[in-house]
Amino acid sequence: MALTLNACLLILKEHHLLKSSALQVDPDVEMTDITYDSRNVKGNTLFFCKGANFRPIYLTMAKGKGAITYVAEKPLVEGNGMNALIVRNIQKAMALLSAAYYNYPQDDLFIVAYAGTKGKTTSSYFTKGILDLKNDNKTALFSTIDRIVGPKPEQQFKSDLTTPESMDLFHDMREAVDSGMTDLVMEVSSQAYKKNRVFGLTYDVGFFLNISPDHIGVNEHPTFADYLHCGLQILVNSRKCVINAETDHFDEVYAAATTTTEPDSIYLFARADYKEPDDLSIDFRFQSEEADLKTSRFKLVAVTDKAAALHIDGEYQISLIGDFNELDGAAAVIGAGLAGANAQQAAEGIRYVRIPGRMESIDVPDHGRVYVDYAHNYASMHALLTFLNREYKNPRMLVVVGSPGDKGIDRREGFAKALNENATDAFLTTDDPGFESAQSIADQIDKDIDHQKVNVTIELDRATAIKDAILASKPGDVIVVAGKGEDPYQKVKGIDTPYATDPVVVKTVADELKQNN
């Protein structure tokens, strides 16, 4: 891979990002590496000075290791003697130049992208399951949980961000293409647009699943309006758009899609009994056929001619329990259909998909059944607990939950609301407190809990809280461990502290109890 100074200048000027430049060498010189981390400079490198925590010493280190060009939002004396590209927005510049350096790998992938407050991960895994059957396991995945860029074990790893930094994103796309991947399914977080991580990227199919108050905080979105605006950008940047017609703020969502996409390339889907919006036709309807504690079955019906042309009508079964997952299943079938999958491939591909940390159930001897789920806001927690209450006919419900620090402040009130509606016992604990006090976060959840309905225990050690909840249960009780799922770290004061993951903790407790018996 290589990129010339001339190419950089042309790209930055085309997008009106270049404020000034100071070139010390021939503009046709090639830069054979790019990075934003001074520790990774390997000579003849294009170096990006980005981030609120950037320190000039980093540029000095990069220069000492052979970086010849830097990109920044203001001139830096530490870069004297280097080529300087001064830009209006460093994140946008990095996205555009990274795509160019890696030779636009997105052009060699069919990209299905998901945005929404909830359901992105489940829909993404379902879609990958279907496409893998269509393309012989040549589907890359960028998700909250895993990133898969090729067929080798070392090309499958845990994600650090739902949507990675632009340079990492295009690097992984290039690796996926070079490894033979033909399709990519990815989650696109609202932060990806807020931070310009996907600036300039166009998706073949873009989904807007839903929107509800979330991700509001000092490190995320200042207001709900800002959150909605960022979420809508996926539709503005997609060739074909698919929208859950039942989403809140539907009029704004649909209007965003029409700004860049013809109506014939916009697909709407909804439950069978949902009243369609004025002057618009629902393209796909789905309805639950059966949902129990083992499987869920739903039927997808094409209503319009353009929907029928995809030939994906039919009945589908998923192994992820809960009728609230059927919307994500319907979305995945539609997304895979737009990527070329047929009904048979969709039915076979989606049937046995498992999502790490989602609705994993473990029976504990002489105690209740534990469900581990990634539910991490009011909408997902409410859907999960309501389903379990209905299936178990209002059991004693013990819920282990925490809330992250520095972001999603409104989740704390939302968790309290969900607990008041469905739980009998709450074990409030730690979940990525960041730079906030875990005790303070737990107290904020606790203050909105109705203590006449819900017994509350605060135990900040998460593994201990899970064990306490299990030990407090009896046969017939349901224990829900919500929030982290397969996440192997606790984010504390800027440090990723290793954590065993919720399923491992639950299985360890269950094994200990078996041995004791």
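As a reminder, the structure under discussion sits directly above these lines.
Cut-offs applied
- Residues numbered from 1 in each chain as written.
- Predicted model: local features only at pLDDT ≥ 70, side-chain atom pairs only at ≥ 80, totals over all residues.
- Heavy atoms only, no water.
- Helix = DSSP H or I, 4+ residues; strand = E, 2+ residues; numbered from the N terminus.
- Rg over C-alpha atoms; globule rule 2.2 N^0.38 Å.
- Buried < 20%, exposed > 50% of the residue type's maximum accessible area, 1.4 Å probe, protein only.
- Contact = heavy atoms within 4.5 Å.
- Areas by Shrake-Rupley, 256 points an atom, 1.4 Å probe, with all protein chains shown as cover.
- Phe/Tyr/Trp six-rings, centres within 6.5 Å; stacked < 30°, edge-to-face > 60°.
- Lys NZ or Arg CZ within 6 Å of the ring centre and 35° of its normal.
- Polar contact = N/O pair within 3.5 Å; in protein donor to acceptor, adjacent residues only side chain to side chain.
- Salt bridge = Lys/Arg side-chain N within 4 Å of Asp/Glu carboxyl O.

**Student:** Would you take a moment to explain the overall build of the protein for this structure?
**Tutor:** Within the protein, the secondary structure is distributed over 16 helices and 26 strands. Rg of the C-alpha trace for the protein: 24 Å, near the compact-globule value of 24 Å for 517 residues, within the 12% margin. Viewed in the frame of its principal axes, the protein has a C-alpha envelope of about 75 × 55 × 40 Å. The buried share among the 517 residues of the protein stands at 57%. Contacts in the protein between residues at least 24 apart in sequence constitute 66% of all its contacts with a sequence separation of at least 6. Summing over all exposed atoms, the protein offers an accessible surface of approximately 21200 Å²; the carbon and sulfur share of this is 48%.

**Student:** I tried to follow the packing of aromatic side chains on my own but got confused; where do I start?
**Tutor:** Centre distance and the angle of the planes are the two values used to describe a pair of aromatic rings. Under the counting rule described, the total for this entry stands at nine aromatic pairs. Taking the centre distance of 6.1 Å and the plane angle of 75 degrees together, the rings of Phe224 and Tyr227 count as edge-to-face. Of this pair, Phe224 and Tyr227 both sit in helix 7 (residues 224-236), three residues apart, roughly one helical turn. Here Tyr227 falls in the buried class, since its relative accessible area comes to 3%. Each ring, one from Phe269 and one from Phe286, has its centre 6.4 Å from the other, and the planes form 40 degrees; the classification is tilted. Here Phe269 is found in strand 15 (residues 266-271), whereas its partner Phe286 is found in strand 16 (residues 284-291), with 17 residues between them in sequence. Residues Phe269 and Phe286 agree in their burial class; the two are buried. Put simply, the rings of Phe47, Phe54 and Tyr58 touch in pairs and so form one group of aromatic residues. Between Lys417 and the ring centre of Tyr378, over which it is positioned, the NZ or CZ distance is 4.7 Å.

**Student:** Would you take a moment to explain the side chain of Thr45 for this structure?
**Tutor:** Looking at the element boundaries, Thr45 is found in strand 5 (residues 45-48). Using a relative accessible area of 0% as the deciding quantity, one classes Thr45 as buried. Looking at Thr45, its side chain comes within polar contact range of the main-chain nitrogen of Lys42, at 3.4 Å. Beyond its immediate sequence surroundings of up to four residues, Thr45 is in contact with Asp33, Ile34, Thr35, Gly66, Ala67, Ile68 and Thr69.

**Student:** What should I look at first to understand the pattern of salt bridges in this one?
**Tutor:** Pairing between side chains of opposite charge can happen when their charged atoms approach one another. In this structure the tally under the stated criterion is 24 salt bridges. For Glu436, the salt bridge goes to Arg412, with nearest N and O atoms at 2.7 Å. Placement of Glu436 in the loop between strand 22 (425-428) and helix 14 (438-447) and of Arg412 in helix 13 (residues 410-422) is noted, with a sequence separation of 24 residues between them. Across the salt bridge formed by Lys467 and Glu512, the nearest N and O atoms sit 3.6 Å from each other. Placement of Lys467 in helix 15 (residues 462-472) and of Glu512 in helix 16 (residues 502-516) is noted, with a sequence separation of 45 residues between them. It is possible to trace a salt-bridge network through shared partners that takes in Asp431, Asp432, Lys484 and Asp487.

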